[in-house]
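Coordinate inspection notes
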Amino acid sequence: MARIDTLRRFRRSFTGRLMLGILVIHFVMLPLLFGGVLYIVQQGYQNQFVLHVRLNASRFASLIIEEWETKRVQELLDDAVFSGHVVFAEATDQNGRVVADAVDQPERRDFKEDFFYDRHGDDVYYAGLPLVDRNGIRRGELRLGYDETSTEAQIALANNRGLYLAAAYVLLSFLLVFFWGKRMTRSLEHLRRASRKIASGQLEEQLEVKSDITELQDLVEDLNFMRSELMRQTASMEHLASHDSLTGLPNRMLLSDRLQQTIASSQRNQSSFAFLLMDLNDFKEINDTLGHLAGDLVLQEIAVRLRATMRRSDTVARLGGDEFAIILPAAQKKVIEIVAQKLHDVMEQTFVIENQQLQLGGSFGVALFPDHGDNSTDLMRHADVAMYEAKRIGSSCVIFRDDLVHDTLNQLTLAGELRKGIARGDMVVYYQPKIDLRTGTVRGAEALVRWQHPKRGLISPNEFIAVAERTGLIEPLTFWVIDEAMRQVKAWRQMGLQLDVAVNLSARSLHDRQLPDKIEDIVRKQGADMRWLELELTESMIVADSLRAEEILSRFHEQGIKISIDDFGTGYSSLAHLQKLPVSVIKIDRSFVMNLSDNENDAAIVRATIELGHALGLTVVAEGVEHQAALLLLQELGCDLAQGYYFAPPCPAAEFEQWYGQSSWFNRLAAN
Amino acid sequence: MGGRFPLMARRAVINISFWLLLLGSAGNVVADEGRRLVLVVAADSTLPSLDRTEIRKTFIGITVVKDKQRIEPLINVSDALLYQVFLQKNVFMSARHYERLLLARVFRSGGQRPPRYSDHESLVGTLKARPGAITYMWAATVETTPGIKVLQELWRGSIH
């Protein structure tokens, strides 16, 4: 079976095909070639024989006629037969009577004259010559029979030798073709092995074949071209696989590899290194407001800045989205602080994208090897926790601490519980009244959400709002608060309390173009009036995406919803821009109000803000009024409304109603 | 099967035809007893008869003049048997040797080889047009060809 397979393979091989081709060519050509040659040789022998017969017979006839009278005719005929070539001789007179005869075998007496070689198939060429004397008188006829067998033997010998030569020729051809084919296929075999090497990725070795065959040289050249192209493409693919296509920085895969190498190297050298994770602040807003192209440009610019800031030995990578990672080999804690400051400064520099100046920032989380982990998983996880903490506390950089793990876990747990809490109805709306400083009447209330946790008790918004914003729960939470507040304000109005209610909007909510429609649906569902609702936004929310904010605020204005700028004075708002927006209220931030009576600067700011608000036709509300001195000063400055603990802390609706019923602010303020 | 039969039939017809032709030609040979090979000239030729040596000389390319007429041989190759009988009985050479001899003589002495005719009509036409021209034919052929005549008999005998 193996032998059959070998034969089959050989038959399909180049050498096999070559030999088969030669065999077929010889099978067709050899009979023609050697057949032709043998035919010519055979014709030559036969013609030579016929010539010999005719000449010899003619001369013998002349000899016989000379001796016709001397009775030596019989002797001459016998001599002729004895010579061996003539096997039959007969002389007849003019009447056809036999005068003399000689024959080597009795059966040769059957004289049938031949005019062609081997005409009768009897191995004898019979020829008759007239015996004519000198006077031209015919005296009889000489009949001779010549042996054809010697010529036949010569022809047979020529045929045999021709066949042997043909066989030898074929054999030699086969051997030559076999060796030639092997020699040719040796180069091909070499190329085959080389192509396998190329296929297996061994691309470094230049192909060389010792052959002067043009096609093979061309093939080697083509294979070398293919090899170099593969090398180039492989390098390109490797680069693509290990680098971020947008920024050109190493990607997560390469970072992981570098991290492993750095860990191994640090373990060997007993040195430390730092692993930094950075997440951009407000990058999502850029993407959402200016588009992904602008976001991409920001990321590219950040990559350029980071590369320019870091050393060549450091690894800067992009993990995806707006998350970057940096490996700082052989870095001590002091160095890290310096680097973190440098990075912070770099990130704080203004980005100019599509002719817009953008202010970004990054939150860095740092994990140190080996203190915070001796493997890449731990280092990445701890750097992530530190980054999360930096984001949470609003710091640019946090170095990992063990207690952060607990905090992070708490945050994660909190997110899960918040989701359940909203669904379960744990959330409670507290109301803080807003007092008219001229009349002392309660003009409205600010709705503030609280979380009545079944186990942990009341949770401050400072603890869960940030979580809600990070997890996207802020949107359903906002809608819930509006729903609850509108239900409540409708109930109050039915009770005779002519109050409006203010609800804080999250920056995230402004990304939703359907927000006005959704709010309208909620208000309508409660059977309330849109004019009873006031939405509070911060300056930064409006500035981040002024176009969208303008669009949405205009919708609110059309719907009858009042817009209030919360925490006024803490952001970077453009007053010229603010003037164009349908804003009706500004709320002075509590940080200015709290120390109003003690701090002249704060007083100056509050005064300017009130005057400015009034100049723009806006109602001015002071937040954080906690003592009488501040209240009196605000009254003096002409502030319209105020809220704060001095009047009432935020409280549940029932308490608010009770407070409202017992409130004497009308009389007290009127007395001032 | 139906497709193969006509092919086999065709082959059978071809084989039978071949053997019939062969047998027919053999029958001709067997029946051809008493043939006469004759020397032929144009009917209006005044050439006298030639002896055997003169005939042989003129046909191997040697110039022969008889009664002031230069004899011009015409080689008749229209019938292979006729040609071989003529060579065997008069020239005493094989066909190939005879042709080589004529060619060698042209190379050696110049002039032209005796013209060869494989077509009977053109042979007879040339014979009639040239007074000194001679050729050989079977006597039976001469009898059916007008404008030519037998000059003398070259051989008589049977062909088996």
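Predicted, not measured: the structure shown is a model, and the values here were computed from it.

Basis of the calculations
Residues numbered from 1 in each chain as written. Chains lettered and ligands numbered in written order. Predicted model: local features only at pLDDT ≥ 70, side-chain atom pairs only at ≥ 80, totals over all residues. Helix = DSSP H or I, 4+ residues; strand = E, 2+ residues; numbered from the N terminus. Buried ≥ 20, exposed ≤ 12 C-beta atoms within 10 Å, placed from the backbone. Contact = placed C-beta atoms within 7 Å. Core = buried A, V, L, I, M, F, W, Y, C linked by C-beta atoms within 7 Å. Pairing = 2+ DSSP bridges. Axes fitted to C-alpha atoms, helices over the stretch in contact; angles between N-to-C directions. Arc of directions from axis to C-beta. Nonpolar A, V, L, I, M, F, W, Y, C, P; charged D, E, K, R; others polar.

1. Quick word on the overall build of chain A
When its secondary structure is counted, chain A shows 22 helices and 21 strands. With 672 residues in all, chain A has 32% of them scored as buried. Counted over contacts in chain A with a minimum sequence separation of 6, partners at least 24 positions apart contribute 62%.

2. Quick notes on the overall build of chain B
Scanning chain B from terminus to terminus reveals 6 helices and 8 strands. Reading chain B from its N end, one meets helices and strands in the order α-β-α-β-β-β-β-α-α-β-α-β-α-β. Across the 160 residues that make up chain B, the buried fraction comes to 22%.

3. As for the nonpolar core
Core analysis: the biggest nonpolar cluster contains 68 residues, and Ala447, Ala485, Val501, Val503 and Ala642 of chain A have the highest contact counts within it. Take this core: its biggest share by element is 8 residues, from helix H13 (residues 474-495) of chain A. Once residues lying within four places of it in the same chain are set aside, the contact partners of alanine 485 of chain A are Val429, Ala447, Val501 and Val503 of chain A. One finds Tyr125 of chain A together with Ile55, Phe86 and Met137 of chain B within the second-largest nonpolar core, a separate group that totals 54 residues.

4. Focus on the sheet that holds strand E5 (residues 273-281) of chain A
Residue and element names in this part refer to chain A. If you walk across this open sheet you meet the 5 strands as E6-E7-E5-E10-E11, and the pairing is mixed. Bordering the open sheet on either side are strand E6 (315-320) and strand E11 (397-399), each of which pairs with just one other strand. Adjacent strand axes in the sheet meet at a mean angle of 20° when their direction is disregarded. Each of E5, E6, strand E7 (323-328) and strand E10 (361-369) touches helix H6 (residues 252-269); the most contacted strand, E6, lies at about 140° to it.

5. Examining the sheet that holds strand E7 (residues 133-138) of chain B
Residues and elements named next belong to chain B. On the basis of which strands lie adjacent, the open sheet formed by 4 strands has the order E4-E7-E1-E8 and mixed pairing. Only two strands of the sheet have a single neighbouring strand rather than two, namely strand E4 (72-73) and strand E8 (148-157). As paired elements, E4 and E7 share 2 bridges and run parallel to each other. Across the sheet, residue glutamate 72 finds its bridge partner in E7, namely alanine 133.

6. Let's talk about helix H5 (residues 120-129) of chain B
Residue and element names in this part refer to chain B. Of all the positions in H5, only Leu123, Val124 and Leu127 are classed as buried. Along the axis of H5, the buried residues cluster in a sector spanning 95°; they form a single face. Exposed and oriented more than 90 degrees from the buried face of H5 are Glu121 and Ala129.

7. Let's talk about the environment of glutamate 348 of chain A
Residue and element names in this part refer to chain A. With respect to the helices, strands and loops of the structure, glutamate 348 is situated in helix H9 (residues 333-348). In this structure glutamate 348 comes out as exposed when scored by C-beta crowding, with 12 C-beta atoms within 10 Å. Placed 12 residues apart in sequence, glutamate 348 and leucine 360 show a C-alpha to C-alpha distance of 6.1 Å.

8. So, the interface of chain A and chain B
Taken residue by residue, the interface counts 14 residues in chain A and 15 residues in chain B. If you list the elements that add at least two residues to the side of chain A that touches chain B, you get helix H2 (14-66) and strand E3 (124-132) of chain A. Considering each element in turn, the side of chain A that touches chain B owes the most residues, 6 residues, to H2 of chain A. Split by residue class, the side of chain A that touches chain B holds 7 nonpolar, 4 polar and 3 charged.

9. Details of unusual backbone geometry
Residue and element names in this part refer to chain A. Here the amide bond leading from phenylalanine 369 into proline 370 is cis, since omega sits at 0°, within 30 degrees of zero. Relative to the helices and strands, proline 370 is located in the loop between E10 and helix H10 (376-393). Backbone geometry places aspartate 118, a non-glycine residue, at a positive phi of 55°. Locating aspartate 118 in the fold gives a position in the loop between strand E2 (98-103) and E3. Positive phi, close to 55°, is recorded for aspartate 567, a residue that is not glycine. Residue placement: aspartate 567 occurs in strand E17 (residues 562-568). Look at aspartate 567 and you get partly exposed, because 19 C-beta atoms sit within 10 Å.

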